[in-house]
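These are the residues of each chain, in order.
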Amino acid sequence: MKRLAIILAILVAPGTIPGATAPKVVHESGYRADHLFYDNEQSQWTFGEAHTTVHLSGPAHGWEWSAESGMRAPEGRLAFEDGDNFTGTVYANRRSFHNRVGLSSPDGAWEMQGAVRIREARADDFSGRLEVRPWSILTAGLEIGVQSTLPGVAELYYEGEGGRLDLISRATYSTLDLSIDLPLALALSSRSDWGTFQPGSPAADFDNPYQAALSGIYRYGDVQVIWAGVAQWEFTAGHRRLEVKARLDAYRDSRSFAHFGKTNLDGYEWSVGVTHHGWSLSAHAGSAEGELAGSAQAWPFVDGLARFLGERRHLIAEGELSWFRAQVSGEKSITPWLELGTRLDLAHVEPSARYVTWRPVALGMGIDDLQSGQLDITSADLARLSFSPTVHWRTIALSLHVSQIVPLHVADRDETDGDSGSGGDGTTATATDSRSPHQGFSLAAELQVGL
């Protein structure tokens, strides 16, 4: 495991803004790191991110203004392997610098925000938001913006050959959220997102010779009902759904060499929860499924005669994932300056993923080099125990978040000989515990200073 670093910063002297009096300044800095292994092939997920942000706010001629500026520096790695055929790694390693300004009216009926984020490799993001409160029971907000879909690069290899790809897609999105206070201590909140993937313009001057881009649409919806009719008790119920229909294209030196014309993802989740005296209990159940189909020309990334002949490799893949998860969390004041937060997460997941890939022979007279594969894990039960102590001293708050991920039970697919119910290779799959699962660890630290 990589050595984890904690980055803590000190606030510089606050500035002044014309027309404002007594601005309030809050500085936040921190670092978070996660490390997780999840199969025998040492496929793994590691993620770390350092961040620092300065918030300023204050009154200006009866209005309330706010501004913030900061930086986020991710360092992530998602690696997956399938024997000697296909391996891949996705990196999130591009810093971003974000700035936001906001203004709200004296009566709180209007709030306006504008933001811009500058990410390395020329992927600038921006957004604008307007929030109105025409009546005391209704709050509505509308946000429009452009954002990068994946902040990094991918490294893909097939049979030992491949290359590194820049992910250059962006998304134009609109977000509408509503909050309504109903009679009988009921509240309803809803959020809807619509987005369009923009593939961007492949260019030969990127850091890597290969680029990958998404084009298509996505939709997201979230509805939540809250009831606080009993003193000190709050009950919630919610539903969320995500749908993506996209096309994936790959380029080399601005020339297209692969496309996957069917990229569908559909998922949903139901949730219920209860909160009482700072303690909460929630349960979530959901399912997701996806499909991918397409072809790559002259795979894997070769030139010369293979590209001239138009050699192609076709791919069809599909996967499903269902889950149930529960969470218990709470906060307790140990002393006037120390708070301790605890959380226990339990999850049961049932993944299923498989693919088939082949190369057509000349003149379409058949197929060659037929290969297939599937995910070894059939189900897993996971637990995550977290502790979050926070120390307060005057206007300074230092918090630390530590958690341990423990796979309680993992069932693998065991390929054995069989005559009935078997696949084309004469094997049948049964679930068995064939290994000792790996563990994951998470650490986060944050320093907040207010002046």
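One can find the structure itself at the top, above this paragraph.
Residues numbered from 1 in each chain as written. Predicted model: local features only at pLDDT ≥ 70, side-chain atom pairs only at ≥ 80, totals over all residues. Heavy atoms only, no water.

A. Up close: the packing of aromatic side chains. Under the criterion given, the structure shown has 3 aromatic pairs. When the ring of phenylalanine 197 is compared with that of tyrosine 218, the centres are 5.4 Å apart and the planes differ by 40°; the resulting orientation is tilted. Here phenylalanine 197 is found in strand β12 (residues 186–198), whereas its partner tyrosine 218 is found in strand β13 (residues 210–227), with 21 residues between them in sequence. By relative accessible area, tyrosine 218 is classed as buried at 11%. (Phe/Tyr/Trp six-rings, centres within 6.5 Å; stacked < 30°, edge-to-face > 60°. Helix = DSSP H or I, 4+ residues; strand = E, 2+ residues; numbered from the N terminus. Buried < 20%, exposed > 50% of the residue type's maximum accessible area, 1.4 Å probe, protein only.)

B. Structural detail: the side chain of aspartate 34. Looking at the element boundaries, aspartate 34 is found in strand β1 (residues 24–37). Overall, aspartate 34 belongs to the buried group, its relative accessible area being 8%. Looking at aspartate 34, its side chain comes within polar contact range of the side chain of arginine 32, at 2.9 Å. Ignoring sequence-local partners within four residues, the contact set of aspartate 34 consists of Trp45, Thr46, Phe47, Arg384, Phe441 and Ser442. (Polar contact = N/O pair within 3.5 Å; in protein donor to acceptor, adjacent residues only side chain to side chain. Contact = heavy atoms within 4.5 Å.)

C. Representation of the nonpolar core within the structure. In terms of nonpolar packing, the biggest core is built from 9 residues, these being Ala154, Leu165, Leu167, Tyr210, Ala212, Ala250, Phe257, Ala258 and Ala296. At the level of elements, β10 (161–167), β13 and β15 (255–276) are the ones that each hand at least two residues to this core. Ranked by size, the runner-up nonpolar core spans 6 residues in total, among them Ala171, Tyr173, Phe197 and Ala246. (Core = buried A, V, L, I, M, F, W, Y, C linked by side-chain atoms within 4.5 Å.)

D. Representation of the pairing of strand β17 (residues 312–335). Strand direction decides the pairing type here: strand β16 (residues 279–297) and β17, joined by 19 bridges, are antiparallel. If you follow leucine 292 over to β17, its bridge partner there is alanine 317. Relative to strand β18 (residues 338–360), β17 runs antiparallel, the two being bridged by 21 bridges. Bridge pairing links glycine 330 to threonine 342 in β18. A loop of 2 residues connects β17 with β18, the two strands running antiparallel in sequence. (Pairing = 2+ DSSP bridges.)

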